[in-house]
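Descriptive analysis of the structure
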Amino acid sequence: MRKKFLAMAAMLGVGIFTATLPTFNYCEAAEVQNVAQVYDLNFDSSIGVEKTLTYNGKEIHFTAYENIVYVRNPKNAESQKLSIYIPTAYLNGGMINGYAARTAPIFVPNGVGGYMPGEIKPPTENDKMTHGANTTLAALARGYVVVSPAIRGRTTTTNGEYVGKAPALIVDYKAVVRYLRYNKNALPAGHIDKIISNGTSAGGALSAALASTGNAPEFEPYLKEIGAADERDDIFAASVYCPITNLDNADMAYEWIFSGEKNYYQAMWQMKPNNATADAANNPTQSKTFQTMTTDEIAVSKILRDSFPDYVNSLNLKDETGKLLTLDKKGNGTFKNYIKQKYIESAQSALDKGEDLSGTNWIKIRNGKVVDVDLKKYAAAATRQKAAPAFDKMDLSSAENDEFGTENNSPRHFSKIIQKNYGGAMADSEIIKMMNPMNFIGRADVDVAEHFRIRHGAIDRDTALAIPAILALKLQNSGIDVDFFSPWGIGHKGDYDLDMLFDWIDSLCK
Ligand code: DHB
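Not measured: the values here are computed from a predicted model.

If you tally the helices and strands in the protein chain, you get 16 helices and 15 strands. Contacts spanning at least 24 positions in sequence make up 74% of the contacts within the protein chain whose residues lie at least 6 apart. As presented, the protein chain carries roughly 22100 Å² of accessible surface, and 51% of it is formed by carbon and sulfur atoms.

Right, here's the structure in full:
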């Protein structure tokens, strides 16, 4: 279906081109193409517009500096703009929530989902998703300076060329940070050493990538090419919701949990892969239909499942007590116990809040304590969302294959196992490496953020809990402060606990 669509689009493209030929003025066209606009990176405070919105019954006064192109030579100016929102009190020497102009954190949430382009999210009281205030407004109410960027995604095109494939999204997020540093004295407010990223799903992966790759030299040529400010791009802290990350290993982790499940229940957005407002079906019971995996998919599921222990063991991860986390050939061992413990903590917190968990068949409760988790029963209850391989599809049909695609939109593999077993073109190995935070954490030439808050809901089936767990452990093992938790009853979503997220930020910034 998708291939057919692409073929049709290609045909249409040819059609439009030939139809335009007779009246096409080559000289004018050449001029338009050559005189690419160069943007000034100096922040202009005169564009500020004062606005007021209501949040929890309180008037929030802020000044908006909107639609600023954040690189000198954008590949696509519409997708490389940001807006800055500053609580107006700071412009008048006032304070909010204990912060003054120069101490207020700079909160930089990204709106990326499905590896699609991320859009600027101006503050609003009527968000499409929450039917209430959005994250930008909530953060302003807390006294944060909010920077909301547009970011290139896998469908971004300029003159028919795809300009937003991997690693464009990380490059843009870094360019945003560099723009802010470049203008640290010109900005009316914000503590430049208190930049905090935030994102969900592909946006969570992006938040983790930004925070894990500070000043990594690999990104330099890409940043130069778009004319990013010549500044540092490390940040202070990252908020990461259900990150679709570690893509080159995520297929194995998925099968380690879900291999016993033959049926999969697709999320709505996967049926419409180009839906920009990708919000997966958070509750498995909302999925109306299921499909059964093919013989090929079942076969690859087993290969992936059996390959996961070697990957886990190669990481030398340790828990908080220093115990090595490993798996034997059957997929059992201390790493498995660690994952079970995460679900136990999740269930226990719900139990402690008075929730009735007697209907949950995959946990064992004794005297008010959750004492065990059955991961097989968990997989059956949570349900598989994706057929194997979950990410690097044999026919190159996933959002992630598209993300790793070429400038002319040919999708690519990114998992060695899949490519080895099924053939097809592989993405550039350097780009695959750049997209995975795991490759940067602990490196002497990289400035990883000091603090991470990682959340992955206990019934999220978009990626396996092992993936954010591995990220959290790797960070922790390299001395980073990590707050990692799997909230009970939560599926694939983010920003559902903003009060707690902001409490965490306040605890780090005050
Ligand atoms: C997203 C969800 C997925 O399941 C996936 O494979 C990629 C991205 C998302 O919601 O951003």
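A few words on the sheet that holds strand β14 (residues 451-455). Spatial strand order, β1-β2-β3-β5-β4-β8-β9-β14-β15: 9 strands in an open sheet with mixed pairing. Here the strands that pair on one side only, and so sit at the sheet edges, are β1 (49-55) and β15 (481-485). When the angles between neighbouring strand axes are averaged without regard to direction, this sheet yields 20°. Bridging between strand β9 (residues 237-241) and β14 involves 5 bridges; their strand directions are parallel. Bridge pairing in β14 links Ala-237 to His-451. Running at roughly 160° to β15, helix α15 (residues 466-477) makes contact with β14 and β15 of the sheet.

The next point concerns the site of the ligand. In the neighbourhood of the ligand, 11 residues make up the surrounding shell, with Gly-114, Ser-201, Lys-386, Glu-400 and Asp-462 lying closest. The side chain of Ser-201 places a nitrogen or oxygen atom 2.7 Å from an oxygen atom of the ligand. One of the side-chain nitrogen or oxygen atoms of Lys-386 is found 2.7 Å away from an oxygen atom of the ligand. In the complex, 98% of the free accessible area of the ligand, which totals 290 Å², lies under the protein chains. Looking at side-chain class alone, the shell around the ligand contains 4 nonpolar, 4 polar and 3 charged residues.

Within a regular beta strand, the side chains point alternately toward one face of the sheet and then the other, so they alternate between its two faces. Among the 5 residues that make up strand β5 (residues 145-149), 5 are buried, leaving the element largely enclosed by the rest of the structure. Where burial is concerned, the two faces of β5 agree: the one with Val-145, Val-147 and Pro-149 and the one with Val-146 and Ser-148 are both buried. Relative to β5, strand β3 (residues 81-87) runs antiparallel, the two sharing 4 bridges. Pairing of Tyr-85 across the sheet is with Val-146, part of β5. Here 2 bridges tie strand β4 (residues 106-109) to β5, and the two strands are oriented parallel to one another. Bridge pairing in β5 links Ile-106 to Val-145. Between the parallel pair β4 and β5, the chain is carried across by helix α3 (residues 135-141), and the sense of this crossover is right-handed.

Looking now at the side chain of Lys-340. Residue placement: Lys-340 occurs in helix α10 (residues 334-352). Take Lys-340: its relative accessible area is 18%, and that puts it in the buried class. Filtering out sequence-adjacent residues up to four positions away, Lys-340 remains in contact with Asp-372, Val-373 and Leu-375.

Turning our attention to the confidence of the model for the protein chain. On average, residues of the protein chain score 91 in pLDDT, and 89% of them reach the 70 mark or higher. Contacts from residues 1-33, a stretch scored under 50 in pLDDT, to residues over four places away or in other chains number 9 contacts. Confidence over residues 269-287 falls short of pLDDT 50; this stretch has 46 contacts with residues more than four positions distant or in other chains.

Our next topic: the environment of Leu-473. Inspection of the secondary structure assignment puts Leu-473 in helix α15. Judged by its relative accessible area of 0%, Leu-473 is buried. Sequence spacing of Leu-473 and Leu-315 is 158 residues, and the spatial spacing of their C-alpha atoms is 9.7 Å.

Compared with an ideal rise of 1.5 Å per residue, which puts 12 residues at 16 Å, helix α7 (residues 247-258) spans 17 Å between its outermost C-alpha atoms and is within 8% of the ideal. Most of α7 is tucked away: 11 of the 12 residues are buried. Those residues of α7 that fall on the buried side of the exposure criterion are Leu-247, Asn-249, Ala-250, Asp-251, Met-252, Ala-253, Tyr-254, Glu-255, Trp-256, Ile-257 and Phe-258. On the buried face of α7, the contacting elements are α9 (295-315), α10, α11 (375-382), α12 (399-403), α13 (416-422) and α15.

Turning our attention to the packing of aromatic side chains. Throughout the structure, instances matching the rule amount to 20 aromatic pairs. What links up through ring pairs into an aromatic cluster is the set Tyr-99, Phe-107, Tyr-144 and Phe-502. Above the ring of Phe-236, the side-chain terminus of Lys-194 is found at 5.2 Å from the ring centroid. Here the basic side chain of Lys-510 rests over the ring of Tyr-99, its NZ or CZ set 5.3 Å away from the ring centre.

Moving on, we get to the pairing of β3. Burial runs high along β3: 7 of the 7 residues are buried. Residue alternation in β3 divides its side chains into two sets, Lys-81, Ser-83, Tyr-85 and Pro-87 and Leu-82, Ile-84 and Ile-86, and both sets are buried. Looking at chain direction, strand β2 (residues 58-69) and β3 are connected through 6 bridges and run antiparallel. Residue pairing for β3: Thr-63 is matched across the bridge by Ile-86.

Turning next to the nonpolar core. Formed by 150 residues in total, the largest nonpolar core has its most connected members in Ile-84, Leu-180, Phe-308, Phe-335 and Phe-452. Looking at which element gives the most residues to this core, the answer is helix α4 (residues 168-182), with 9 residues. Every residue in contact with Leu-180, bar those within four places of it in the chain, is listed here: Ile-84, Ile-106, Val-108, Val-147, Leu-187, Ile-192 and Ile-195.

Criteria and thresholds
Residues numbered from 1 in each chain as written. Predicted model: local features only at pLDDT ≥ 70, side-chain atom pairs only at ≥ 80, totals over all residues. Heavy atoms only, no water. Helix = DSSP H or I, 4+ residues; strand = E, 2+ residues; numbered from the N terminus. Contact = heavy atoms within 4.5 Å. Areas by Shrake-Rupley, 256 points an atom, 1.4 Å probe, with all protein chains shown as cover. Pairing = 2+ DSSP bridges. Axes fitted to C-alpha atoms, helices over the stretch in contact; angles between N-to-C directions. Near = heavy atom within 4 Å. Polar contact = N/O pair within 3.5 Å; in protein donor to acceptor, adjacent residues only side chain to side chain. Nonpolar A, V, L, I, M, F, W, Y, C, P; charged D, E, K, R; others polar. Buried < 20%, exposed > 50% of the residue type's maximum accessible area, 1.4 Å probe, protein only. Right-handed = clockwise from strand over helix to strand, strands pointing away. pLDDT = per-residue confidence, 0-100. Expected span 1.5 Å × (residues − 1). Phe/Tyr/Trp six-rings, centres within 6.5 Å; stacked < 30°, edge-to-face > 60°. Lys NZ or Arg CZ within 6 Å of the ring centre and 35° of its normal. Core = buried A, V, L, I, M, F, W, Y, C linked by side-chain atoms within 4.5 Å.

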